[in-house]
Amino acid sequence: MMDGQPSFTWIMISAGLYVLSGVTQPILMAYAKHAGLGDAKCQLYMLFYYIGPASVAFSLRRSGGGRKRNNNAGSQYGSTSSNTNGGESSGDGGNVAVAVNEDRSWPTVPQVKVASGIALFDIFAQSIVYAGNNLAGPTIFSIIYSSVTIWAAIYSQFLLSRTLSREQWIGICLVVIGLSLTAMDSLSHGEHVFAGACLILVGSSLHAMTYVLSEKIMIDSSPMLQTTESDAMLTSTMTQQQTVKETKRISVRANCAVQGIVACVAFFIWQLIYTIPHFQTSILTPMADVGTTTTRAIGILSSISISNLIHSITFFQTLKSFPGGATSAGVLKGLQAVLVFMMSSILLCGRWGGSEMCWSTNKLLSLIVVVCGIMFYGASTKADKKRIMENVVKGGELSLREEDLNRLREVDGTCV
C-alpha cells in the first residue's frame, strides 16, 4: 500500500457502504411517511436528510498556505516542474498532499456564495424527488432516480460543450426506454403513483443539473487519484496544457459541505415559519394515528441523517480511489437501483402502501433496461477516454483538443 493511500480492502468497504447507504435513503424516507413524518409541506425529513452532507464541514480545515500550495504544484494532476525537468517522483507524493490539502480547505467567500446559489436550486430538486418517492414508493424511485447520471451527461452536452459518442447516446436511449416502461407501469397503480413517478423524473433531472452547475465551480479535473502509468502520462500532458486559476474553484468536499449547510439553514428556517405553527395537525396527529412514539420518530429521523452522512463520507473515498472510473460508477449506480428494488419489494410489499411497493414483471423489465443503459454508457465513456489517451500518448504527442479535454473532465458534482 502506498503511503497516504487507503488499502484495497478499505476501498471496497467504502464502496460497499456508499451503495448500501444509498439503498437505505429512499426506504427510510418511505418509513418516515408511514410513521406520519412525511408531510410534503413541512419537509421535516429533508432537514435531517441534509444534516448528513452538512456534517462533512467538520472534516474541513482552514487553509493558511495558498501561496505555499502554488509553490509545490500547479494542480492536482501533477507537478509541471517535475515533469518538464525529468524528475520521477518529486511530484507524485507532493501532489497527493496538495490534492488532499485543496480538498480539505475551507472555501473562500465568493466560492461560498456561488455554491449557496446552487444549493438553493438543489433544495427544490431534492424536495421534488422525495415528495415523489413518498407517492410512488422506493421501487419506482430506484428505477427513475438512477437516471441522474444520464441527465447530467445530456446537460453537459449543452452547458459544458461536451460531445457524446454514438455509443453513449445508445446508452442514453436505453435509459429513456426503461423510464418509459416505468411510466406506463406507474399508470396501472393509480394517479397518485403516476404523479409521484413524474415528480421523481423532474426532480432527478433538476438534481442532475446541480451536478453540472457544481462542476463549473469545482476543480477542473476528476478528483480520483491516478493509479496507472498510462493515467500518469495523460495527466502530465493535461497539466502542461492548462494553468490553474487559483482560488476560483471549490473542491468537491467543500462544495458538499457548503450546500449541505445552506440546505440545513433553509429547512430550519422553514420549520420555524411553517412547521412549528402546523406541528400538531401535520406531524403529531399523523404520528398518533399510526402509533408512532416520539422516541421512534427521533430514531427514524436520526437514521436518515446517519445514512446520508455515511453516504457523503464514503462518496469521497469511492470517488478518489475506486478502480474503473466511469464504468465502475455506472455499475455502482446500477447495483444501488437493483438493491433498492429488491429490498423495497421484500420489506415493504404488503406492509406499507399498495401494489406500487411490490415487484412486478414490468418493473423488473424497466429496471433491467435502465441499468443496462447506465452500464453501457459508463463502459463507452471509459472506452472513449482510453481512446483519447492512446491518441495523445502515441508518438510522444503532447497536445489535446479542447473537446477531448472536456471529455476527460468528468466530476460527480455533489455528494448525495
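Residues numbered from 1 in each chain as written. Predicted model: local features only at pLDDT ≥ 70, side-chain atom pairs only at ≥ 80, totals over all residues. Heavy atoms only, no water.

Some words on the overall build of the chain
Moving on, step 1. Within the chain one finds 17 helices and zero strands.
Moving on, step 2. Counting every position in the chain, which comprises 416 residues, the buried fraction comes to 51%. (Helix = DSSP H or I, 4+ residues; strand = E, 2+ residues; numbered from the N terminus. Buried < 20%, exposed > 50% of the residue type's maximum accessible area, 1.4 Å probe, protein only.)

Details of the pattern of salt bridges
Moving on, step 1. Tallying each qualifying case throughout the model produces one salt bridge.
Moving on, step 2. Close ionic contact of R166 with E167 constitutes a salt bridge, the shortest N to O distance being 3.8 Å.
Moving on, step 3. What makes E167 partly exposed here is its relative accessible area of 32%. (Salt bridge = Lys/Arg side-chain N within 4 Å of Asp/Glu carboxyl O.)

Remarks on the confidence of the model for the chain
Moving on, step 1. Of the residues in the chain, 68% reach a pLDDT of 70 or more, and the chain-wide mean stands at 74.
Moving on, step 2. Confidence, expressed as mean pLDDT per element, reaches its minimum in the chain at helix α4 (residues 80–84) with 36 and its maximum at helix α13 (residues 279–290) with 95.
Moving on, step 3. In the model, residues 64–100 has pLDDT below 50 throughout and makes 41 contacts with residues more than four positions away in sequence or in other chains.
Moving on, step 4. Predicted confidence for residues 219–247 stays below pLDDT 50, and this span has 60 contacts to residues more than four positions away or in other chains. (pLDDT = per-residue confidence, 0-100. Contact = heavy atoms within 4.5 Å.)

Observations regarding the nonpolar core
Moving on, step 1. Grouped together as the largest cluster of nonpolar side chains are 57 residues, with contacts concentrated most on L37, M46, Y130 and I304.
Moving on, step 2. Discounting chain neighbours no more than four positions away, the residues touching Y130 are Q25, P26, M29, Y45, M46, Y49 and F141.
Moving on, step 3. Ranked by size, the runner-up nonpolar core spans 13 residues in total, among them V56, I118, A257 and V262. (Core = buried A, V, L, I, M, F, W, Y, C linked by side-chain atoms within 4.5 Å.)

Digging into the packing of aromatic side chains
Moving on, step 1. Applying the stated criterion to the full structure yields seven aromatic pairs.
Moving on, step 2. Relative to Y50, the ring of Y49 has its centre 5.2 Å away and its plane inclined at 90 degrees; by these criteria the two rings are edge-to-face.
Moving on, step 3. Using a relative accessible area of 3% as the deciding quantity, one classes Y50 as buried. (Phe/Tyr/Trp six-rings, centres within 6.5 Å; stacked < 30°, edge-to-face > 60°.)

Side note on the packing of helix α1 (residues 8–34) against helix α6 (residues 109–136)
Moving on, step 1. The interhelical angle for the contact between α1 and α6, taken along N-to-C directions, is 65 degrees, at an axis separation of 9 Å. With respect to α6, the axis of α1 lies roughly perpendicular. Between α1 and α6 lies a crossing of right-handed hand. Counting all contacts with α1, which are made through Q25, P26, M29, A30 and K33, the residues of α6 involved are Y130, N133, N134 and L135.
Moving on, step 2. Taken together, the residues that form the contact of α1 with α6 break down as five nonpolar, three polar and one charged. (Axes fitted to C-alpha atoms, helices over the stretch in contact; angles between N-to-C directions. Parallel < 35°, antiparallel > 145°, perpendicular 65-115°, else oblique. Left-handed = near helix turned anticlockwise from the far one by under 90°. Nonpolar A, V, L, I, M, F, W, Y, C, P; charged D, E, K, R; others polar.)

Observations regarding the environment of L213
Moving on, step 1. Relative to the assigned elements, L213 resides in helix α10 (residues 191–217).
Moving on, step 2. Residue classification places L213 among the partly exposed residues on the basis of a relative accessible area of 28%.
Moving on, step 3. Those residues in contact with L213 that lie beyond four places of it in its chain are I118 and F121.

Remarks on the environment of V19
Moving on, step 1. With respect to the secondary-structure elements, V19 resides in helix α1.
Moving on, step 2. On a C-alpha basis, the gap between V19 and G334 in space is 9.7 Å, while along the polypeptide they are 315 residues apart.
Moving on, step 3. Those residues in contact with V19, other than ones at most four positions away along the chain, are L332, L335, Q336 and L339.

Considerations on a nonpolar patch on the surface
Moving on, step 1. Nonpolar side chains collect at one region of the surface, where W106, I261, V265, F268, I269, W270, L272, I273 and I276 lie side by side and expose about 860 Å² of accessible area between them.
Moving on, step 2. One can find I269 in helix α12 (residues 252–275).
Moving on, step 3. For I269, a relative accessible area of 43% puts it in the partly exposed group. (Patch = residues over 30% accessible without salt bridge, like charges linked within 9 Å, V, L, I, M, F, W, Y side chains within 5 Å. Areas by Shrake-Rupley, 256 points an atom, 1.4 Å probe, with all protein chains shown as cover.)

Topic: the side chain of Q336
Moving on, step 1. Turning to its location among the elements, Q336 is positioned in helix α15 (residues 325–348).
Moving on, step 2. Its relative accessible area of 17% is what places Q336 among the buried residues.
Moving on, step 3. Residues contacting Q336, with those up to four places away along its chain left out, are Y18, V19, G22, V23 and H311.

Some details on unusual backbone geometry
Moving on, step 1. Despite not being glycine, Q43 has its phi angle at roughly 55 degrees, a positive value.
Moving on, step 2. Residue placement: Q43 occurs in the loop between α1 and α2 (44–54).

Regarding the packing of helix α9 (residues 166–187) against α10
Moving on, step 1. Running from N to C, α9 and α10 point in directions that differ by 155 degrees, and their axes come no closer than 7 Å. By the criterion of interaxial angle, the relationship of α9 to α10 is roughly antiparallel. The hand of the α9/α10 crossing is right-handed. Facing α9, whose interface residues are L179, A183, S186 and L187, α10 presents V193, F194, A197 and L201.

Observations concerning α2
Moving on, step 1. Along α2, nine of the 11 residues are buried, which leaves the element largely enclosed by surrounding structure.
Moving on, step 2. What α2 keeps buried is the set L44, Y45, M46, L47, Y49, Y50, G52, P53 and A54.

Some points on the environment of I273
Moving on, step 1. Topologically, I273 is positioned in helix α12.
Moving on, step 2. Owing to a relative accessible area of 56%, I273 belongs among the exposed residues under this scheme.
Moving on, step 3. Expressed as a C-alpha distance, the spacing of I273 and C42, which sit 231 residues apart in the sequence, is 9.7 Å.

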